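Each chain, letter by letter, is given below.
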Amino acid sequence: MPSNKKSGLLEARTILGNIQGLELCELSERDVVRHPLVQKVIEAYQATRTS
């Protein structure tokens, strides 16, 4: 994601993160077992978070 763009997912986590009864979780590549393409997408997002 370009550095001048705000992530909709991160914004939703900020807005919804303090709602009692709502829990957010993160999936890793180990959680995705059905389709290799989805695993690649998750790996790509993780790579941008650790850069």
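Everything below is about the structure printed above this text.
Residues numbered from 1 in each chain as written. Predicted model: local features only at pLDDT ≥ 70, side-chain atom pairs only at ≥ 80, totals over all residues. Heavy atoms only, no water.

Details of the overall build of the protein
Stated precisely, the cut-off is as follows: A run of DSSP states H or I qualifies as a helix once it reaches four residues; a run of E qualifies as a strand once it reaches two. Both are numbered from the N-terminal end. Values of the radius of gyration come from C-alpha atoms, whereas the globule rule sets the reference at 2.2 Å times the count of residues to the power 0.38. Relative accessibility under 20% of the residue-type maximum defines a buried residue, over 50% an exposed one, and the middle range a partly exposed one, all with a 1.4 Å probe and only protein chains included. Positive charge is attributed to Lys and Arg, negative charge to Asp and Glu, and no charge count is given to His or to the chain ends. To locate a charge, the coordinates of NZ of Lys, CZ of Arg, CG of Asp or CD of Glu are taken.
Across its full length, the protein carries two helices and zero strands. Relative to a compact globule of 51 residues, whose C-alpha radius of gyration would be 10 Å, the protein shows 13 Å and is clearly more extended. If one aligns the C-alpha atoms of the protein with their principal axes, the spans along those axes are about 35 × 30 × 15 Å. The burial tally for the protein puts 8% of its 51 residues in the buried class. Considering the protein, the positive charge centre built from 7 side chains and the negative charge centre built from 6 side chains are found 5 Å apart.

Points about the layout of surface pockets
Put simply, the test is: Each cavity reported here is a set of points on a 1 Å grid over the protein atoms alone in which a 1.4 Å probe fits but cannot get out, each pocket an open set with protein on both sides within 12 Å along at least five of seven lines, and each lining residue one with an atom within 4 Å of a point. Grid points are joined across faces, edges and corners, and a volume is the space filled by probe spheres set on the points. Gly is placed with the polar residues, together with every amino acid not listed as nonpolar (Ala, Val, Leu, Ile, Met, Phe, Trp, Tyr, Cys and Pro) or charged (Asp, Glu, Lys and Arg).
Estimates place the volume of the largest pocket at around 630 Å³. If you trace the largest pocket, you find 19 residues lining it, with Leu9, Leu10, Arg13, Tyr45 and Arg49 closest to the centre. Of all elements in the fold, only helix H1 (8-16) and helix H2 (36-50) reach the threshold of two or more residues within the lining of the largest pocket. Looking at the lining of the largest pocket, its residues break down into 11 nonpolar, four polar and four charged.

What to know about a nonpolar patch on the surface
For the record, the criterion: Like charges are joined within 9 Å and nonpolar side chains (Val, Leu, Ile, Met, Phe, Trp, Tyr) within 5 Å, but only among residues with over 30% relative accessible area and no salt bridge; these make up the patches. Methods summary: accessible areas were calculated by the Shrake-Rupley approach with a probe of 1.4 Å, and residue burial reflects only the protein chains presented. Every case where a carboxyl oxygen of Asp or Glu lies within 4 Å of a side-chain nitrogen of Lys or Arg is listed as a salt bridge.
Taken together, the side chains of Ile15, Leu16, Ile19, Leu22 and Leu24 define a hydrophobic patch exposed on the protein surface, amounting to about 420 Å² of accessible area. For isoleucine 15, the location among the structural elements is in helix H1.

Regarding the pattern of salt bridges
Under the criterion given, the structure shown has one salt bridge. Where glutamate 26 meets arginine 13, a salt bridge forms, and the shortest distance between an N and an O atom there is 2.9 Å. Placement of glutamate 26 in the loop between H1 and H2 and of arginine 13 in helix H1 is noted, with a sequence separation of 13 residues between them. Here arginine 13 falls in the partly exposed class, since its relative accessible area comes to 34%.

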